[in-house]
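# Per-entry structural report
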Amino acid sequence: MNKQHFTLLFVILALLAMAPLTDAQRQQPSEEQLEQALKRFPEADINEDGKLTVEEIRQFRQSSQRNSRRAAAAQPKHSEDAKPVEAQPRSSATEQALFNTEEILDVSTLDTKIIQDWHPVGNTRQKAIEINVADWWPGQDYRIPVRMIVPLEGKAKGFSITGSNAYEGLMKDTEPSEFEAKLLAGGVGIVKTHVKAFRQIPGKKSLEQKMQREFMKDLNPRYTVLWMWSMTLMRATTAAYAETEYFEPGKVAGSGSSKNGMSPAVALINDERFTATCSNHASPYFSPTRRAEEEEIAKAERANKVFFEAVKAGAVDLDQDRERVFRRVMVGSAGGAGQMAMKAGKSMDEMQNFLDRLWSSASVAENWDRLMERGVDILFEPGTHDYVAYDIVWGAQNHPQVPVYYQPNGGHHQTPHVATAKDEQNRDAFLWHHFFGGDSLLSPPASSHKVEKDKLTVRVSFEEGPQPTDGRIWWMYDRAPEGSAPFMLTPIPEDQWADMERDPKNGSWSVTIPLKDGASRIDFFSNHGHRANGYQQYLSSPYTRVKLSEEADSKIRMTSSTAPAAVQRTQAGGGKVAEKGGGPDQETKEQFIKRVERNTKKSGQQLDRKSIEARFQQMDANQDGIVTREERRARLNEAQTAAPVAAQPTASGTNTQSPQPSERQRAQILKRFPQADTDKDGKLSTEEVQAFVQSRQRRGRPAAAAAPPPTPAGDAKLAEALAEMNARFKNVEMELIEWPSSLHEKLGKMTKIALMTRPVEKTEGKLPLLINLHGGGQRWWDMSFEQQLETAARLGMKRGFDIAELAGKSLITLDPNTGERWVPNSLDTMLDYVLENFPEVDADRVYVMGYSAGGGATWRWINQSADRFAAAAPCGFTGGNAEDNWKGLANLPIWGMAGSEDGKNPAGVRKMVERLKAAGNANVKHTEFAGADHREGGKAVFNTVELVDWMLGFERNVSK
């Protein structure tokens, strides 16, 4: 390629750079500039009419870029004093910049195709287009849909942008979420596009392999998914600002999770039109592990080796799907891009050059000073157990200035810690403040600590800005190397957290943690809450690692116990028990049986199921149906070998031990229900808690005692769980009901116990009833009722009583329970009984909802008995099929919801909504939670309090 071609590209870039970055129309060269370019480069005048058009410049530039790539590939290496090649285009592998500003801003190369032109949709105007993000390499374009939403009147000033949207959903009119509607009301636009794995995008399943082939040629970061994902957001921004009659320059804030968390962060760095990023499950750091430094990778590989040896030996329970994920995404994975490049003959220097090029333009921390000069807003939410944002220890130590919220145990495919804040609204709080100002948000705090013998004291202070209203700390011991498989698998134990106390004099938050004997180091962080502009914000103190014992730490480094405690119990290469009471933190009887059968089979022994059940029964000290690690340790000295143990049948009441409520729990219950303190001594005993709960059950209403009574341990545990729930609730009171024996046969596999809530504030007249059908499969059905409540609390799963508490409305909720797939006939029998025996229920205001398998059950029930309900919300399921009774549902108000990342469910729910509308149903609502998978979608459904208001607006066949 000749010198003139390179110079032309430089001139065009300079001309376009003169235009304001936030006005797409002004990115077009003026007539004077075009004349200058023609005079300098007459060969660009393709049709030889004596004038240069933007299209001719575009074509000439593309031909020059293609030539430059071929020239760069053949370019000889120059000595340091050799004259450099002049103005090489930024797409060349020899150029250091990752993104080409000219390419980002060039409206003419969008090649826009209109799917839907501007038209009114409710209180908005919307337009859907398809754009070409880039000519990625010669002959390969990348087309993607973009939906733009502005207020019904006037222009939108700036916009919120995300790629967390279903492809099919972008093709149709969109109902803004509650928060999006507030942004639009404030004059802020919404831009939605599609940032997904190529295999999830129609027509692009084979693109990843083609990209890898291009990448392997010279390790050019342009040929990575991160480049294309980030470019998609920047080019969608160019497309939106080209709509000058609908958008005017303003703030541009990106947000999302995972790939939709990294891409707006990269866009923020490389495109000055972006002014903020709220990035979930994404990393702002370029750590030594991310740099692939040999020592850090070696640590992770050693931990991985020990971990998977333990899995192989049966000492760690890990299902095959989860194991495949860990092997693919963990640090040190043989399937990583670095490993593939090395196998392809690339040198370590070439790999380091690639990583430096990529992360110098992709790491917020590496670009911090420049970003702060621009005045941008930043929030990262990595989670403590994520395989993308794994470098939290190094990041907090080296970049404590980055605002971070650590969701305890959070990450891709992870279950948050039981003590995680349930009211967190960080994204909404962040975006509201960014666009509209108002109340200030928390700033990153400072953290200090002091080790004194057997305790650790931590102090956290917010020196600038608003002060938090609460503080909570989590910790864990001897955590595995960052990014390794055990690092991601081993969670923060349920009991390793505490509320912090605020010093009224200086406003700091402190706590003292008793240290575990023999631990070599401890990791900790704290989360602090603050309400700003009506939204609940949480911010974390720096994730900190403290060495407790040099001797213990050196032993861990020298032996295979670089894996966490759950893995340390097996020695490399064998299945020998190395720690008494090993195994999972807790397991049900079925889980225990499967693990013991697997381990004994590998050791050449055989145990019959009855013997293993007896062994479980012996270890289950409190007879709650779950064996904890502590219970195993207590019994292991008496049962060292795997010899058969004679079964010892236990009658109800044989073991009256039950878990005792903690002092904190009793204090909460006493504060909420002082009448439970029958002896008026200012304290609550377990017996008083249990007696109080039992006295509240049914209060003389019809109830049956047909089922055998629970064991004393189970009864106490259930009573304690109900008391704790009531202590937590402010708006509703929960009670236990039992179905009469005359119903048992008709109810089939429905359990004999159900939960009912009533409003705390008493009202006159009849009350509406909301029935919630829970989800779950065989594993869930095998649990006892107490176990289900515990599991739901631990995993943050919601039920009908949770949404009733949030809504604070005058209604009754009923949460029945089943041991198999819900059966509509059984549910009809249950509802008949409720309406007959609970005269306070208004039969014209009965509503039903469910999520997952409960969503499918809701759908089947309303298909059979639509006339019994005033409204329904079947959510998080596959959406029925063409043979369902669509016309029979034409008069029933229905609201369908699903997470956009929930497999086939979002498409199924969308199809359900379409079919209902086609059948003539005028009261259909649809919500799709952007970026939410199945578990996150469930939480979102039961946090949608407006669902209750919407339902209460309907009666059977009567709309208020």
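What counts, and where the lines are drawn
- Residues numbered from 1 in each chain as written.
- Predicted model: local features only at pLDDT ≥ 70, side-chain atom pairs only at ≥ 80, totals over all residues.
- Heavy atoms only, no water.
- Helix = DSSP H or I, 4+ residues; strand = E, 2+ residues; numbered from the N terminus.
- Phe/Tyr/Trp six-rings, centres within 6.5 Å; stacked < 30°, edge-to-face > 60°.
- Buried < 20%, exposed > 50% of the residue type's maximum accessible area, 1.4 Å probe, protein only.
- Pairing = 2+ DSSP bridges.
- Axes fitted to C-alpha atoms, helices over the stretch in contact; angles between N-to-C directions.
- Contact = heavy atoms within 4.5 Å.

An unreviewed UniProt entry lists the chain under the name Dienelactone hydrolase family protein, from Pelagicoccus mobilis.

## Focus on the environment of Gly 888
Positionally, Gly 888 belongs in the loop between β25 (871-875) and β26 (894-899). In sequence terms Gly 888 and Ile 862 are 26 residues apart; their C-alpha atoms lie 9.2 Å from each other.

## Quick notes on the packing of aromatic side chains
A ring pair, where both rings are aromatic, is described by two values, the distance of the centres and the angle of the planes. Counted according to the given criterion, the structure contains 29 aromatic pairs. Their ring planes at 75° and their centres at 5.8 Å tell us that Trp 137 and Tyr 223 sit as a pair that is edge-to-face. One end of the pair, Trp 137, is in strand β2 (residues 124-137); the other, Tyr 223, is in the loop between α7 (207-218) and α8 (225-241), with 86 residues separating them in the sequence. There is no split in this pair, since Trp 137 and Tyr 223 are both buried. Pairing Trp 859 with Phe 877 gives two aromatic rings, centres 6.2 Å apart and planes at 40°, and the pair type is tilted. Placement of Trp 859 in helix α31 (residues 853-865) and of Phe 877 in the loop between β25 and β26 is noted, with a sequence separation of 18 residues between them. Taken together, the ring pairs in this structure connect Trp 118, Phe 159, Tyr 241, Tyr 246 and Phe 247 into an aromatic cluster.

## Concerning the sheet that holds strand β5 (residues 189-192)
Read across the open sheet, the eight strands follow the order β1-β2-β3-β5-β4-β6-β7-β8; overall the sheet is mixed. At either end of the open sheet lies a strand with only one pairing partner, and these are β1 (113-121) and β8 (377-381). Strand-to-strand twist of the sheet, defined as the mean angle between neighbouring strand axes without regard to direction, takes the value 20°. Relative to β5, strand β3 (residues 140-151) runs antiparallel, the two being bridged by three bridges. Along β5, the bridge assignment pairs Arg 147 with Lys 192. Together, β4 (156-162), β6 (247-257), β7 (276-280) and β8 form the strand contacts of helix α9 (residues 259-270), whose direction differs from that of β7 by roughly 155°. Helix α16 (residues 426-436) rests against β4, β6, β7 and β8 of the sheet, and its axis sits at about 165° to β6.

## Focus on the sheet that holds strand β13 (residues 501-502)
The strand order across the open sheet built from four strands is β9-β10-β14-β13, with neighbouring strands paired in antiparallel fashion. A strand with exactly one partner marks an edge of an open sheet, and here the two such strands are β9 (446-452) and β13. By the bridge criterion, two bridges tie β13 to strand β14 (residues 509-514) in an arrangement that is antiparallel. Residue pairing for β14: Glu 501 is matched across the bridge by Ser 510.

## Describing the pairing of β2
Counting buried positions over the 14 residues of β2 gives 13, a clear majority of the element. Inspection of the sheet shows β1 paired to β2 by six bridges, in the antiparallel sense. Note that in β2 the partner of Ile 114 across the bridge is Ile 129. A loop of two residues connects β1 with β2, the two strands running antiparallel in sequence, and Gly 122 in this loop sits at a positive phi of about 60°. Where β2 meets β3, 11 bridges bridge the pair, whose relative direction is antiparallel. Considered in β3, the bridge of Asp 135 is made with Asp 141.

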